[in-house]
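Read off the chains here:
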Amino acid sequence: MDLPDGLDWVRGSPAGRAWLAALPTWLTECAERWSLRVGPPFRQAYASLALPARLPDGTAAVLKLQYPDEESRYEADALAHWDGAGAVRLLAHDPGRRALLLERCQPGTPLHDLPPDRALDVVIGLLPRLWLPAGAPFTPLAQEAAGWIDRMPRAWERAGRPYDRRLLDAALDLISGLASSQGVQVLVNQDLHAGNILAADALPGDRGPWLAIDPKPLIGEREFSVVPMVRGPELGHSPAAVRHRLHRLSTELGLDRERVRGWTIGHTLSWSVADDLVVPEKIEVVRWLLDGG
């Protein structure tokens, strides 16, 4: 298969190679099951294989075959829960193959193509639509946070202590305190950055003009939901840009700024080392927020 370059990382593990080996068969079976005409993969994929597709009546769709990681296990459940309100609609789901058939956002322009403050206007209007009460099967944020606390020190050691111990200690303290003192629990997405919100003004009705895609859902307080947007480099990577997003999102969404700041420090540092790969940009965000507030 002509895989996007962003999926090259999956070749580095036996599980990844097994997934790649199964993809051609699963793709053929899903196309037959749902009577799809499928095009070449979208090139910007990093954690799944996504392809444009057409339903028998000509409706534009997306066929997505997920890499079987834990964070996206309940993506289909989240999309079904939102039922098109603020997020792309789930059309069909094959759990055994981790295959999702989704409506296609058109024109599909990513949010980060807008000027930063206009993009934040979109986020401020979109997020309250996603804050729905939910329960099983979604993982509670407190449970997920306990896993970060357990894994972070070991990941830090394995990666050769790539950042100051003070950052690790501060993040662990913040995660522990925040996880045990949360407010009202809603469905949140730990990967809602400006590349995962697409223009959808060609959809019928008033659901657009912007919809979320690719959720990694949890149940947690609202303050956690803006973390990916605060830290993400898509709308600018600098101390001023990060602090501006922290201020605007906290203030205009009525969130506790210090809790948003704390969750951003903790979650960003927990995602700064993945399979011994260090992401320096995430460590920079943590330093900026710890040292400059």
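Everything here concerns the structure above.
Everything in this summary refers to the structure shown in the same document.

Criteria and thresholds
- Residues numbered from 1 in each chain as written.
- Predicted model: local features only at pLDDT ≥ 70, side-chain atom pairs only at ≥ 80, totals over all residues.
- Heavy atoms only, no water.
- Salt bridge = Lys/Arg side-chain N within 4 Å of Asp/Glu carboxyl O.
- Helix = DSSP H or I, 4+ residues; strand = E, 2+ residues; numbered from the N terminus.
- Buried < 20%, exposed > 50% of the residue type's maximum accessible area, 1.4 Å probe, protein only.
- Expected span 1.5 Å × (residues − 1).
- Contact = heavy atoms within 4.5 Å.
- Pairing = 2+ DSSP bridges.
- Phe/Tyr/Trp six-rings, centres within 6.5 Å; stacked < 30°, edge-to-face > 60°.
- Axes fitted to C-alpha atoms, helices over the stretch in contact; angles between N-to-C directions.
- Core = buried A, V, L, I, M, F, W, Y, C linked by side-chain atoms within 4.5 Å.
- 1 Å grid on protein atoms, 1.4 Å probe; cavity = no way out; pocket = protein on both sides within 12 Å on 5 of 7 lines; lining within 4 Å.
- Points joined across faces, edges and corners; volume = space filled by probe spheres on them.
- Parallel < 35°, antiparallel > 145°, perpendicular 65-115°, else oblique.
- Left-handed = near helix turned anticlockwise from the far one by under 90°.
- Nonpolar A, V, L, I, M, F, W, Y, C, P; charged D, E, K, R; others polar.

Under the defined criterion, the tally for this structure stands at 21 salt bridges. Among the ionic pairs, lysine 64 bridges to glutamate 75, the shortest N-O distance being 2.8 Å. Note that lysine 64 is positioned in strand β3 (residues 60-66) and glutamate 75 in helix α2 (residues 75-82), a separation of 11 residues in sequence. The class for lysine 64 is buried, based on a relative accessible area of 5%. Linking aspartate 164 and arginine 166 is a salt bridge whose minimum nitrogen-to-oxygen distance equals 3.7 Å. Beyond isolated ion pairs, a larger network of salt bridges with shared partners links Glu29, Arg33, Asp94 and Arg97.

If you check helix α3 (residues 116-130), its first and last C-alpha atoms are 21 Å apart, about what 15 residues at 1.5 Å a residue would give, namely 21 Å. For α3, the secondary structure elements touched by its buried residues are α2, β6 (186-189), β7 (197-199), β8 (210-212), α6 (227-231) and α7 (239-252).

Okay, the pairing of strand β2 (residues 48-54) next. Across the seven residues of β2, six count as buried, placing the element largely inside the fold. Sheet analysis places strand β1 (residues 37-38) next to β2, joined by two bridges and oriented antiparallel. Its bridge partner lying in β2, arginine 37 is registered against arginine 54. Strand direction decides the pairing type here: β2 and β3, joined by seven bridges, are antiparallel.

Our focus in this paragraph is the packing of aromatic side chains. Tallied over the entire structure, the rule returns six aromatic pairs. For the pair tryptophan 9 and tyrosine 67, a centre-to-centre distance of 5.0 Å together with 70° between the ring planes defines the contact as edge-to-face. In this pair, tryptophan 9 sits in the segment before α1 (14-33) while tyrosine 67 sits in the loop between β3 and α2, placing the two residues 58 residues apart along the sequence. Here tryptophan 9 falls in the partly exposed class, since its relative accessible area comes to 43%. For the ring pair tryptophan 19 and tyrosine 67, a centre distance of 5.3 Å and an interplane angle of 85° mean the geometry is edge-to-face. Of the two residues, tryptophan 19 is situated in helix α1 and tyrosine 67 in the loop between β3 and α2; the sequence distance between them amounts to 48 residues.

Let us now look at the sheet that holds strand β4 (residues 90-94). Strand order in this open sheet of five strands is β1-β2-β3-β5-β4, and the pairing throughout is antiparallel. Edge positions in the open sheet fall to β1 and β4, since each of these has one partner strand only. Set on the sheet, α1 makes contact with β1, β2, β3, β4 and β5 (99-103); between it and β3 the angle comes to about 150°.

To continue, consider the nonpolar core. Buried together is how nonpolar side chains tend to be arranged in soluble globular proteins. Ranked by size, the top nonpolar core spans 74 residues in total, and within it Leu111, Met229 and Leu249 carry the most contacts. Ranked by residue count, the leading element in this core is α3, at eight residues. Not counting residues within four places of it along the chain, the set of residues in contact with methionine 229 comprises Leu120, Val123, Leu192, His193, Ala194, Ile197, Leu235, Arg245 and Leu249. Ranked by size, the runner-up nonpolar core spans 22 residues in total, among them Ala31, Leu36, Leu49 and Tyr67.

So, on to empty space enclosed by the protein. The final tally for this structure, using the stated rule, is one cavity of 30 Å³ or more. One number sums up the size of the largest cavity: a volume of about 30 Å³. What lines the largest cavity is Trp82, Leu127, Leu130, Trp131, Leu187, Val188, Asn189, Leu192 and Ser225. Elements with a contribution of two residues or more to the lining of the largest cavity: α3 and β6.

Attention now goes to the packing of helix α5 (residues 165-179) against helix α8 (residues 257-270). Contact geometry of α5 with α8 gives a least axis separation of 8 Å together with a crossing angle of 125°. The angle between the axes of α5 and α8 places the two elements in the oblique class. The chirality of how α5 crosses α8 is left-handed. In this structure, α5 contributes Leu167, Leu168, Ala171, Leu174, Ile175, Leu178 and Ala179 to the contact, and α8 contributes Arg259, Gly262, Trp263, Ile265, Gly266 and Leu269. Its residues assigned to classes, the contact of α5 with α8 shows 10 nonpolar, two polar and one charged.

Viewed as axis vectors pointing N to C, α8 and helix α9 (residues 280-292) meet at an angle of 150°, and their least axial separation amounts to 9 Å. In terms of orientation, α8 and α9 fall into the roughly antiparallel class. Here α8 and α9 pass one another in a crossing that is left-handed. Two secondary-structure elements touch here, α8 through Arg261, Thr264, Ile265, Thr268 and Leu269 and α9 through Lys282, Val285, Val286, Leu289 and Leu290.

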